[in-house]
Amino acid sequence: MKYELVIFDLDGTLMDTSKSITKTVNSAMEELGKKQYSINECVKFVGGGVSGLARNILGKEKYEDVTNEEMEKVIRKYYDIYFDYGVEPYEGIPDLLDFLEQNGVKKGIVTNKDHETALSAVNKKLSKWKFDGIFGSNEKEYPNKPNPYNVDKMAQNLNILKEKILFVGDMLVDVNTAKNAGIDIVYCKWGFGEVKGENGIDEDVKVSDVQEIIERIKGE
């Protein structure tokens, strides 16, 4: 195998959380007396965890009667309730995780989803597989992606060289995280980045299905 460790993003990469995000955002907006959004609109707000959702919504709507802190607090309340609402692994992800386990390739997760919520989501939806490290967002303790802090920490914990690590993500923040960490990246076209219409991602790092990821892990 070309790689000894594959580090995944969570939302938009391993799991389709678009329904969960939409339920969270619209529940928060209803409480705040604001407009409702479609799934595609909610996905476009993704980036930077809960604080990013609040920041991106306010950046679009320019609400003057709600502060960023107030919106973040309400979103977080519903985020904790609906973190697993309608959440399922993307097509082929179970096969990919099976392949990694069968071939002795280690697996990790680095996400900007709140750390405890990420652990709960993995425990509920991906408990069949063993992950060798899961790092979610804890902005009081360490920086979020694209800072490479958690990638570096996982590499050190598992004693794996950077050239033996592949990052699998679906957004520009993941591409930049891998770049900052000095590791290889694949960008999943089924994820949120494509919905957001992100630019600046090299075509040669994009993949359309899980089989392409398996081929890259094999070094084919």
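- By the naming in an unreviewed UniProt entry, the chain is HAD family hydrolase, taken from Leptotrichia alba.

What about the environment of Lys19?
(1) Moving on: Examined against the element boundaries, Lys19 turns out to sit in helix 1 (residues 18–32).
(2) Moving on: Taking relative accessible area as the criterion, Lys19 reaches 48% and is therefore assigned partly exposed.
(3) Moving on: With 141 residues separating them in the primary sequence, Lys19 and Ile160 have C-alpha atoms 36 Å apart.
(4) Moving on: Dropping the residues within four chain positions of it, Lys19 is found in contact with Ile39, Tyr85 and Gly86.

As for the pattern of salt bridges
(1) Moving on: Within this structure, the stated rule accounts for 17 salt bridges.
(2) Moving on: Residue Glu61 is joined to Lys35 by a salt bridge in which the shortest nitrogen-to-oxygen separation is 3.8 Å. Residue Glu61 is found in helix 3 (residues 49–61), and its partner Lys35 is found in the loop between helix 1 and helix 2 (39–44); the two are separated by 26 residues along the sequence.
(3) Moving on: Taking relative accessible area as the criterion, Glu61 reaches 18% and is therefore assigned buried.

Points about unusual backbone geometry
(1) Moving on: The peptide bond linking Lys145 to Pro146 adopts the cis configuration, its omega dihedral lying at 15°.
(2) Moving on: Along the chain, Pro146 falls in the loop between strand 5 (133–137) and helix 7 (149–158).
(3) Moving on: Look at Lys62: it is not a glycine, yet its phi comes out positive at around 60°.
(4) Moving on: Position of Lys62 relative to the elements: it lies in the loop between helix 3 and helix 4 (68–82).
(5) Moving on: The backbone phi angle of Asn159 is positive, close to 55°, even though this residue is not glycine.
(6) Moving on: Tracing the backbone through its elements, the reader meets Asn159 in the loop between helix 7 and strand 6 (165–169).
(7) Moving on: Residue classification places Asn159 among the exposed residues on the basis of a relative accessible area of 70%.

What counts, and where the lines are drawn
Residues numbered from 1 in each chain as written. Predicted model: local features only at pLDDT ≥ 70, side-chain atom pairs only at ≥ 80, totals over all residues. Heavy atoms only, no water. Helix = DSSP H or I, 4+ residues; strand = E, 2+ residues; numbered from the N terminus. Buried < 20%, exposed > 50% of the residue type's maximum accessible area, 1.4 Å probe, protein only. Contact = heavy atoms within 4.5 Å. Salt bridge = Lys/Arg side-chain N within 4 Å of Asp/Glu carboxyl O.

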